[in-house]
Amino acid sequence: MDTKQKSNSVVGMTRDGSRITFSVRGAGSVTIDTDKLSAANKLHAMYHGIGQKVSNRTAITRNPATGLPASPTFKLSRMIEIVKFLETPDNDEWNLARGTGQTPRTSDRALLGRVLIKLGRKLRVELSELSADQIRALLARSEFKSVADDLRAEDVADVDTESLLDDLSDDDSDDSDDAEQDDSDDGDDDDSDDSDDGDDA
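Residues numbered from 1 in each chain as written. Predicted model: local features only at pLDDT ≥ 70, side-chain atom pairs only at ≥ 80, totals over all residues. Heavy atoms only, no water.

(A) Spatial organisation of a nonpolar patch on the surface. Where nonpolar side chains cluster on the molecular surface, the patch consists of L43, M46, Y47, I50 and W94 and spans about 490 Å² of accessible area. Within the secondary structure layout, W94 lies in the loop between helix 2 (72-86) and helix 3 (106-119). Exposure remark for W94: the relative accessible area of 36% places this residue in the partly exposed category. (Patch = residues over 30% accessible without salt bridge, like charges linked within 9 Å, V, L, I, M, F, W, Y side chains within 5 Å. Areas by Shrake-Rupley, 256 points an atom, 1.4 Å probe, with all protein chains shown as cover. Salt bridge = Lys/Arg side-chain N within 4 Å of Asp/Glu carboxyl O. Helix = DSSP H or I, 4+ residues; strand = E, 2+ residues; numbered from the N terminus. Buried < 20%, exposed > 50% of the residue type's maximum accessible area, 1.4 Å probe, protein only.)

(B) Expanded view of helix 4 (residues 132-140). Taken together, the buried positions of helix 4 are occupied by A132, I135, L138 and L139. Projected onto a plane normal to the axis of helix 4, the buried residues spread over an arc of 130° and lie on a single side. (Arc of directions from axis to C-beta.)

(C) Expanded view of the packing of aromatic side chains. For the structure shown, the criterion picks out zero aromatic pairs. The residue whose ring lies beneath R141 is F144, and the NZ or CZ to ring-centre distance is 5.5 Å. (Phe/Tyr/Trp six-rings, centres within 6.5 Å; stacked < 30°, edge-to-face > 60°. Lys NZ or Arg CZ within 6 Å of the ring centre and 35° of its normal.)

(D) Region of interest: the pairing of strand 3 (residues 19-24). Across six bridges, strand 2 (residues 11-16) lies against strand 3 in antiparallel orientation. Residue pairing across strands places T14 opposite T21, the latter belonging to strand 3. Between strand 2 and the antiparallel strand that follows it, strand 3, lie two residues; G17 among them carries a positive phi value of about 65°. The hairpin formed by strand 3 and strand 4 (residues 28-33) contains three residues between the paired strands, and G26 there has a positive phi angle of roughly 85°. (Pairing = 2+ DSSP bridges.)

(E) Local environment of the pairing of strand 4. Relative to strand 4, strand 3 runs antiparallel, the two sharing six bridges. Residue V24 lies in a different strand from strand 4, and its bridge partner there is G28.

Here you go:
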C-alpha cells in the first residue's frame, strides 16, 4: 500500500493494488478501481501521468548550482534526465533518487562554480550541462583541486571535530561487537519504504 499525504494537507491519496482512495479531511473519501477503467481511459491516465511527471521537472525558478534563474537549457536537461531514467530497461522506479545516477550532486556542481570564480576561469558550456564525470574530472585537475580543498576547509572551519571523536578502548570494542550481534538478530523485522522525491507535488 502506498500513501501520499503531507502532514498539513487536506487531501490525501492511498493506493492499494488497483484501488486508489482519495480522502478529504473532515469530509470523507472516494475510491477508484483502475481495473474498471476502459482501455482508452487507462491510456489517457498513462499519458497524463507521464506528461505531468516530465513537465514537473521544469517547475524550478533557479538553478540550484549557480543561484541564477533557471535557463531553458537547464530545464530541458532536467526533462531529458527523467525521460532517460523512465526509459531505462528493467527500471521499476518512478522517482529519481537524490544524489544517485549520472546527475552530479548539487554540492559538487556548486563547488566547481566557486572554483571557477576563484580562478577567473570560464566554461565553454553551461555549468548545468556538465555530467557527473566531467565535474569530477575538472575538480581533480591540480589547479582546481587545491582551490576546491581550500573552499571545503573554509566551509567547515567552525566545526569542532574533536568534540565528535573519542578513543575506542578494548572494553568499548567488545561491547560494540556484542551490540552489533544483537542488532543483526533483530534488524530483519524493521522495514520502511521511502517516500517519493516530490516531483509530482
